[in-house]
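# Coordinates in review
What follows is the residue order along each chain.
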Amino acid sequence: MATHSTAIKGVTERATYTGLMGWITTVDHKRIGILYGCTAMFFFLVGGLEATVVRMQLYSPGMDLVSPGMYNSLFTMHALTMIFLAIMPLGAAFFNFIIPLQIGARDVAFPRLNAFSYWVFLFGALILNGGWLFNTLPNVGWFAYAPLTATEYSGAGTDFFICGLQVLGVSSLAAACNFIVTILNMRAPGMTLMRMPVFTWMTLIISLLLVFAFPVLTVGLIELMFMRFYEMPFFNSNQGGDPILWQHLFWIFGHPEVYILILPAMGIISDIIPTFARKPLFGYGFVVGSGVAIAFLSFAVWAHHMFTTGLSALAVSVFSGATMLIAIPTGVKVLNWMATLWGGSLDLRTPMLWSIGFIATFVVGGLSGVMHASPPVDTQQQDTYFIVAHIHYVLFGGSIMGIFAGIYYWFPKVTGRMMNETLGKWHFWLSFIGMNVTFGPMHIVGILGMPRRIYTYPSGMGWDFLNQIETIGVFIIIAGMLFFLQNAFRSWKNGEIAGDDPWDGRTLEWTIPSPPPEYNFATIPVVHSREPLWDSKHPELGDHLPSVTGASDDVDTESIHMPNASYWPAITAIGVGLGAALLMVNPILSISGVIISIVGVYAWSFEPAAPEGH
Amino acid sequence: MQDIEVEHQESTDHANTLGVDMRKFLMWVFLGSDCLFFGAFIATYLLYRNSSIVGPYPHEILDIPVTSASTFILLTSSLAMVLSLAAFQRGNTSAARFWLFATAFLGSTFLGFQVFEFYHFAHEGLTPKTNLFGATFFTLTGFHGAHVALGVIWLFSLLGVSYTRGIPPEKSMNVELAGLYWHFVDIVWVVIFTVIYLLSSLPPSS
């Protein structure tokens, strides 16, 4: 009956496309999540390759594999790629795919805005990497300190840095606004804030951090751009400007950014550990509250990146104290994960291994982080390999481990097929060992005084052997990645069929088929507890009402109201990307990008978001 | 944070947990973000307030009476915006269009003052390249002006829509969103007027 509804006057057919056009015009959060994930995984490999060349150059003293200039570009691009094009979008891939499923929604609040975020991200990533085509890569470090970024000292690479990050900022802001509204306003009936899965909570917190942190970087980049393009004296000390202002603006963004990178991983393992320990998360309220506390404090600690710039003693003391304070909620989380493991019936399958690996290595990185909170210690360690060791223990040992835990955990939901356990365990152990072999010795060479960002070093400093070990570690990580890639490609098509609930899950995403139908839930579930699926499987454990799940067959799925596909988000994003890219050539030309965006926004506003008349 | 529990719903439409319109919520979140955008520019301005090493300096060039007039015009436009939205919500289309036009017109007048001011300053030798005051003044007020210009385009677009497709009371949210944005831009100007113009009458601190 419903299939003939087009015959009724005033009812329009839903706009859909197939093939490549289907991906370009998709507004389905699940497909957008897959687009984010595949793009980010590509850039993760690119960033890894850049790091491999860096490590090969440092294998022994006096190597000349790459020129000093190229070396500067490589470590700059490695950091920018990993932070903005790999870890953040991998997080976004999970937000997109998982959040609507965890809160019992059919899509995000603004499906077309969501598609727009992805396409803008893609064009931002291309602009940031545009320097490869012109052989002028960003080479000023990912934090691009003034006055090194002035036109006297750096070339067009810095322009690619500015325009690329501005465009990526548009993407992050649009996505973050979208997810705040989605999480707060589209929860299934009964899902109060304190019944949300921890991953959903962390996504909400990250989105708030993005909304408040990114505009500050945007302003810093605008000022930097105006200084470079139009000779405005913003960070120019000859005209009274203060180069340290850039550092403040950058780190007011930069430190919340650190939590934007780590909180997705913390959310992921907070969902995985209870599933594989077969116990509810210990101290749910404290884990959530700690996340909120971290978010607040993250805006009050930025100057600990600047202890050596000559801040006043009072400022140093306050920022040092606040930084030590932030270790408390972080420690609370770690202890809660441990307490969840304690006494659980542990099932050490691949997602759980990655989660436990996360706890182990993240604690190491967290402890070296607390050391930096002490200004005298920090002054000693500033710009040495000790800092490099710290950030890689929290970003590789933390964020990346958590992200791989999430990939192994949700891969069956995304593809409908299981990943291979044996290959997964090879991947885990090689990565875990390789990671510690690579980054562990950096603590020691750092304390021995080896500065970071140098393209080579003399022999006889006591650094040679440790540097060789570090470089060997990289190849262990690469071996692990080869197991992962083989596993992912093989399992995508030929893995074991997963079924709805392969892990004996606890939350709503496991109540629906794998992969989920386009509308996710045939009927919107009603939630009566924090772990609705677990409680409905185990009525003997509590007095909760069983949850209504979306798997019922008697629902006419043809009648479910789904949004139209649209190519306007992609076209508007092309306008944004083109406008930013042409800004580097001539501001007049970039008006063409603005015009495309304006046309896109108008067409977007006036096209129907969903078929009319239903 | 408090929660409004929604009872079991049979409808297949999306839940609306907080009972707030999705687009209105989105606009509030965006405006929260925009606060930090202007906040960072204002912080830059304040940091560099006494840092210019060549003139013209703020107290030599800013004209508080003229800008007070343009400020009054911009704030009046907020009143017109309120009256326009109220008329749309009542379904009084002709009054709504009149006040919508008045809002956009007053906003355009404000922009006219700003163009005049920029032109005048350039004539007096103050450009964004001249000194730190020029750089911070033109970027802060310039980005505010860009926000106003975007708002004016939005308001005129709504006026066009009200003539072609019509904006009945049940679609007045389309106007309310523009209104939220418009009031925000006005409030930001109150801060900018205080920080740039009124503070310039104080003697420079050492």
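The rules behind these values
- Position numbers for residues start from 1 in each chain and track the written sequence from start to end.
- Here every chain gets a letter starting at A, and every ligand a number starting at 1, in the order they are written.
- Only residues with pLDDT of 70 or above have their local features reported here, since the model is predicted, and side-chain atom pairs are shown and tallied only from 80 upward, although totals for entire chains, interfaces and linings are computed over all residues.
- The secondary structure listing takes helices from DSSP runs of H or I that are at least 4 residues long and strands from runs of E that are at least 2 residues long, numbered from the N terminus.
- Our contact criterion uses C-beta atoms placed from the backbone: two residues qualify when those atoms are within 7 Å.
- Each radius of gyration reported is based on C-alpha atoms, and the globular scaling rule is 2.2 Å times the count of residues to the power 0.38.
- Convention adopted: a line fitted to C-alpha atoms gives each axis, helices being fitted over their contacting stretch, and angles between N-to-C directions are expressed from 0 to 180 degrees.
- Throughout, the term roughly parallel applies to angles under 35 degrees, roughly antiparallel to angles over 145, roughly perpendicular to angles from 65 to 115, and oblique to all others.
- By definition, turning the near helix anticlockwise from the far helix through less than a right angle yields a left-handed crossing, and turning it clockwise yields a right-handed one.
- Just so you know the grouping, Ala, Val, Leu, Ile, Met, Phe, Trp, Tyr, Cys and Pro go in nonpolar, Asp, Glu, Lys and Arg go in charged, and all remaining residues, Gly too, go in polar.
- For the purposes of this analysis, a nonpolar core is taken to be any set of buried Ala, Val, Leu, Ile, Met, Phe, Trp, Tyr and Cys residues that are connected through C-beta atoms within 7 Å.
- To sort residues by exposure, count the other C-beta atoms lying within 10 Å of each residue's C-beta; 20 or more gives buried, 12 or fewer gives exposed, and values between give partly exposed, all with C-beta atoms placed from the backbone.
- Take the number of residues in a helix, subtract one, and multiply by 1.5 Å to get its expected span.
- Either an automatic procedure or a domain database provided the assignment from which the domain bounds are taken.
- The predictor attaches a confidence to each residue, and that confidence, scored 0 to 100, is pLDDT.

So, about the overall build of chain B. A count of helices and strands for chain B gives 6 helices and 0 strands. In sequence order, the secondary structure elements of chain B are arranged as α-α-α-α-α-α. Expressed along its principal axes, the backbone C-alpha trace of chain B runs to roughly 70 × 40 × 25 Å. Counted over contacts in chain B with a minimum sequence separation of 6, partners at least 24 positions apart contribute 81%.

Quick look at the overall build of chain A now. Helix and strand counts for chain A come out as 18 helices and 0 strands. Compactness check: chain A gives a C-alpha radius of gyration of 25 Å against a globular reference of 25 Å for 614 residues, within 12% of the reference. Its C-alpha atoms give chain A principal-axis dimensions of about 80 × 65 × 50 Å. Within chain A, counting contacts between residues at least 6 apart in sequence, those at least 24 apart form 81% of the total.

Helix packing for two helices is described by the angle between their axes and how far apart those axes are. All names here are of chain A. Where helix α4 (residues 111–128) meets helix α17 (residues 568–583), the axes come as close as 8 Å, and the angle between the chain directions of the two elements is 30°. What the angle tells us is that α4 and α17 run roughly parallel. Seen along the crossing, α4 lies across α17 with a hand that is right-handed. Contacts between α4 and α17 pair Arg112, Ala115, Phe116, Trp119, Val120, Phe123 and Ile127 from the former with Pro569, Ala570, Thr572, Ala573, Ile574, Val576, Gly577, Ala580 and Ala581 from the latter. Partitioning the contact of α4 with α17 into residue classes produces 13 nonpolar, 2 polar and 1 charged.

Below, the discussion takes up the nonpolar core. The nonpolar side chains of soluble globular proteins are, as a tendency, buried together. In this structure, Val120(A), Ile180(A), Leu209(A) and Ala405(A) are the most contacted members of the largest nonpolar core, which totals 232 residues. Counting residues per element, this core draws most heavily on helix α7 (residues 198–230) of chain A, at 22 residues.

With that settled, the discussion passes to helix α3 (residues 64–90) of chain B. All names here are of chain B. Over its 27 residues, α3 extends 39 Å from the first C-alpha to the last, a length consistent with the 39 Å expected when each residue adds 1.5 Å. The inward-facing, buried residues of α3 abut α4 (93–124) and α6 (173–198). Glycine 91 occupies a position one or two residues after α3 and carries a positive phi of about 85°.

With that settled, the discussion passes to the environment of Ser237(A). Residue and element names in this part refer to chain A. If you trace the backbone, serine 237 turns up in the loop between α7 and α8 (243–277). According to the C-beta neighbour criterion, serine 237 is partly exposed, with 13 such atoms within 10 Å. Residues serine 237 and proline 147 lie 90 residues apart in sequence; the distance between their C-alpha atoms is 8.5 Å.

Here we take up the interface of chain B and chain A. Contact residues are listed per partner, giving 38 residues for chain B and 40 residues for chain A. Among the elements of the structure, α1 (22–47) and α5 (132–164) of chain B are those that each provide at least two residues to the side of chain B that touches chain A. Here the side of chain B that touches chain A gets 14 residues from one element, more than from any other, and that element is α1(B). Classifying every residue of the side of chain B that touches chain A gives 19 nonpolar, 13 polar and 6 charged.

All names here are of chain A. Across the interface, α8 lies against helix α9 (residues 284–298) with an axial gap of 10 Å and an inter-helix angle of 170°. Between α8 and α9, the angle is such that the two are roughly antiparallel. Note on element contacts: α9 touches α8 through Val287, Gly291, Ile294, Ala295 and Ser298, opposite His255, Pro256, Tyr259, Leu263 and Ser270. Taken together, the residues of the contact of α8 with α9 sort by class into 6 nonpolar, 4 polar and no charged.

Residue and element names in this part refer to chain A. Under the domain assignment used here, chain A contains domain 1 (16–277 + 516–522 + 560–614) and domain 2 (349–495). Contacts between domain 1 and domain 2 engage 31 residues on the former and 30 residues on the latter. Among the elements of the structure, α2 (29–57), α3 (68–102) and α8 are those that each provide at least two residues to the side of domain 1 that touches domain 2. It is α8 that provides the largest number of residues to the side of domain 1 that touches domain 2, a total of 10 residues.

Attention now goes to the confidence of the model for chain B. All names here are of chain B. Confidence in the prediction for chain B averages 90 pLDDT; 91% of positions are at 70 or higher. Per-residue pLDDT stays below 50 along residues 1–12; that stretch engages in 18 contacts with residues further than four places along the chain or on separate chains. The ipTM assigned to the predicted complex is 0.92, against a pTM of 0.93.

Okay, α17(A) next. All names here are of chain A. The first and last C-alpha atoms of α17 sit 22 Å apart over 16 residues, in line with the 22 Å expected at 1.5 Å per residue. Within α17, 12 of the 16 residues are buried, which leaves it mostly tucked inside the rest of the structure. If you follow the buried residues of α17, they end up packed against α1 (19–24), α4, α6 (157–185) and α18 (591–606).

Further remarks concern unusual backbone geometry. A cis amide bond, omega 0°, links Ala146(A) with the succeeding residue Pro147(A). Tracing the chain through its elements places Pro147(A) in the loop between α5 (131–134) and α6. A cis geometry characterises the amide bond from Gly55(B) onward to Pro56(B), with omega recorded as -5°. Examined against the element boundaries, Pro56(B) turns out to sit in the loop between α1 and α2 (58–61). Positive phi values are uncommon outside glycine, yet Asn135(A) reaches one of about 55°. Residue classification places Asn135(A) among the exposed residues on the basis of 11 C-beta atoms within 10 Å. Located in the positive-phi region is Asp383(A), a residue other than glycine, with phi close to 60°.

Okay, the environment of Phe282(A) next. Residues and elements named next belong to chain A. If you trace the backbone, phenylalanine 282 turns up in the loop between α8 and α9. As for phenylalanine 282 and threonine 340, which are separated by 58 residues in sequence, their C-alpha atoms are 5.0 Å apart. In contact with phenylalanine 282, other than residues within four places in its own chain, are Asn336, Ala339 and Thr340.

Take the environment of Ala43(B) next. Within the secondary structure, Ala43(B) is located in helix α1. When the C-alpha positions of Ala43(B) and Thr136(B) are compared, they lie 9.8 Å apart, and in sequence the two are 93 residues distant.

Before going further, it helps to spend a moment on the confidence of the model for chain A. With 95% of its residues at a pLDDT of 70 or more, chain A shows a mean pLDDT of 92. A low-confidence stretch, residues 1–10 of chain A stays under pLDDT 50, and its non-local contacts, those more than four residues away or across chains, total 10 contacts.

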